[in-house]
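Chain residues, written in single-letter form:
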Amino acid sequence: MEPRGIELVNRYKRNYCIPAEAEITEEMILEHWKLEIKLTKDLLESNSENRWEVFEQAYTTLYSKLEWQNSFVADSTPTIERYKTWLQMIGSPPKKIYEVGSGKGEMIAYLAKCGFECKATEVTRERGSKHVTDTPLNLSWGNSDGVHLDHFEPTEFYDLVVSNQVIEHFHPDDLITHFKSAYKILVNQGKYIFTTPHCHTGPHDISLVFGYDDPQGMHLKEYTYSELNDSLKMAGYKRIYCAVPANLIKVLSLLRIKKEEKIIGIGIFYLNMMLIVENLLFLISSKKLRRFFSKLLRKLYLFADNIFLIAQK
């Protein structure tokens, strides 16, 4: 049975990090659900010729009709905590960074304030620069389809391409094209760093609010480490590894272990461990049980809610 009333409202607020005091009604949530189901159908039925047009129209419709998704949704975690692992993986400026799917621009604006030369992009103008106040001079904005990045940017130009909870929104047919295109705009030994939800811990879209086991909304596909590792290799990346949590890097520094020498090795080890664990979880036929055991493993640091990968050219 799908939840209703206060249970539905509370689930929705938790899923989207909406403050408890925000005025969200059951009718607003049902409007969101109905709209997202329709838009998801449009996205999945799009083809390579009309996909950017369909995606731009879908996300413009979503964020213009569901204004509260822009005004209420926010992560209350302090910025420095939220992005400390990203900063550790990115390193020190000067570097040129291109972000795919910048949303309201929190992360890319923070990176710009840290001294990096940044470009933020979105598929719709309902997100992006209109939500950023006090834009740093070293941050520029653009629109793109998010997939054919080299159609919008010069090749071999950026030190880093980043995306934070984005590729699950792409049409699954476009994943390898996206990875190949990111590869083209990176300099030699440049890196693509990204996060995306793991399918064992989801769904992570509105489907979770209504108790579904698999994404029904605009997370068109939630991936595994294995799928992404294989796709990145097909796209040409030479070295693929997991991001090492900032707290662990701090421990390495205290032990006087040079992080430059160990961080990649630890990331490769962690990726191999994740590949083993996710395959073991696949032996559990029930998605609910799989989600339950993945939650237990996360408490032991043997699994992660989100995939956090670095792919080096």
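Below is a short write-up of the structure.

Thresholds, definitions, all that
- Here the residue numbers are simple positions, counted from 1 along each chain's written sequence.
- Whole-chain, interface and lining totals are the exception, using all residues; otherwise, since this is a predicted model, local features are given only for residues with pLDDT of at least 70 and side-chain atom pairs are given and counted only at 80 or more.
- To obtain the side-chain values, all non-hydrogen atoms of the structure were included, while hydrogens and water were left out.
- Angular values range over 0 to 180 degrees, each being the angle between N-to-C directions of two axes fitted as lines to C-alpha atoms, with helices fitted over their stretch in contact.
- Runs of H or I in DSSP of at least four residues are treated as helices and runs of E of at least two as strands, each being numbered from the N terminus.
- When an angle is under 35 degrees it counts as roughly parallel; over 145 it counts as roughly antiparallel; between 65 and 115 it counts as roughly perpendicular; any other value is oblique.
- Throughout, a crossing is termed right-handed when the near helix is turned clockwise from the far one, and left-handed when it is turned anticlockwise from it by less than a right angle.
- Only heavy atoms enter the contact rule, under which two residues are in contact if any of them lie within 4.5 Å.
- Residues are grouped as follows: Ala, Val, Leu, Ile, Met, Phe, Trp, Tyr, Cys and Pro are nonpolar; Asp, Glu, Lys and Arg are charged; every other residue, Gly included, is polar.
- DSSP bridges decide pairing: two strands pair if at least two such bridges lie between them.
- Buried, partly exposed and exposed residues are distinguished by accessible area as a fraction of the type maximum, computed with a 1.4 Å probe on protein chains only: under 20%, between the cut-offs, and over 50%, respectively.
- If you view a crossover with the strands going away from you and the path from the first strand over the helix to the second runs clockwise, you call it right-handed.
- Each Phe, Tyr or Trp ring (for Trp, its six-membered ring) is paired with any other whose centre lies within 6.5 Å, and the angle between the two planes then decides the class: stacked below 30 degrees, edge-to-face above 60, tilted in between.
- A ring has a charge above it when a Lys NZ or an Arg CZ is no more than 6 Å from the ring centre and no more than 35 degrees off the ring normal.

## Topic: the packing of helix H8 (residues 175-185) against helix H9 (residues 225-235)
At a minimum axis distance of 9 Å, the contact between H8 and H9 shows a crossing angle of 50 degrees. Here H9 runs oblique to H8, going by the angle between their axes. Taken as a pair, H8 and H9 cross one another with a handedness that is right-handed. Residues Leu175, Ile176, Phe179, Lys180 and Tyr183 of H8 lie in contact with H9, whose contacting residues are Leu228, Ser231, Leu232, Met234 and Ala235. Considered class by class, the residues forming the contact of H8 with H9 number eight nonpolar, one polar and one charged.

## A word on the sheet that holds strand E4 (residues 158-164)
Read across the sheet, seven strands follow the order E3-E2-E1-E4-E5-E7-E6 without closing on themselves; strand pairing throughout is mixed. The sheet terminates laterally at strand E3 (139-143) and strand E6 (239-242), the two strands that pair on one side only. Put simply, the sheet's adjacent strands are angled 20 degrees from each other on average, direction ignored. Bridge count between strand E1 (residues 96-100) and strand E2 (residues 117-122): four bridges; the pairing is parallel. Looking across to E2, one finds that Tyr98 is bridged to Lys119. Sitting on the sheet, H9 touches strand E5 (186-197), E6 and strand E7 (306-312), and the angle it makes with E7 is about 15 degrees.

## With respect to the pairing of E1
Of all five residues in E1, four are buried, a share of seventy percent or more. Crossover connection from E1 via helix H7 (residues 106-113) to parallel E2: handedness right-handed.

## Description of the packing of aromatic side chains
Two descriptors summarise a pair of aromatic rings, namely the distance from one centre to the other and the angle between the planes of the rings. Overall, the coordinates contain 16 aromatic pairs when judged by the stated rule. Judged by centre distance (5.6 Å) and plane angle (35 degrees), the ring pair of Phe179 and Phe194 falls under tilted. Here Phe179 is found in helix H8, whereas its partner Phe194 is found in strand E5, with 15 residues between them in sequence. Cluster of aromatic residues (ring-pair linked, three or more members): Trp33, Phe210 and Tyr212. Lying over the aromatic face of Phe157, Lys96 brings its terminal NZ or CZ to 5.0 Å of the ring centre.

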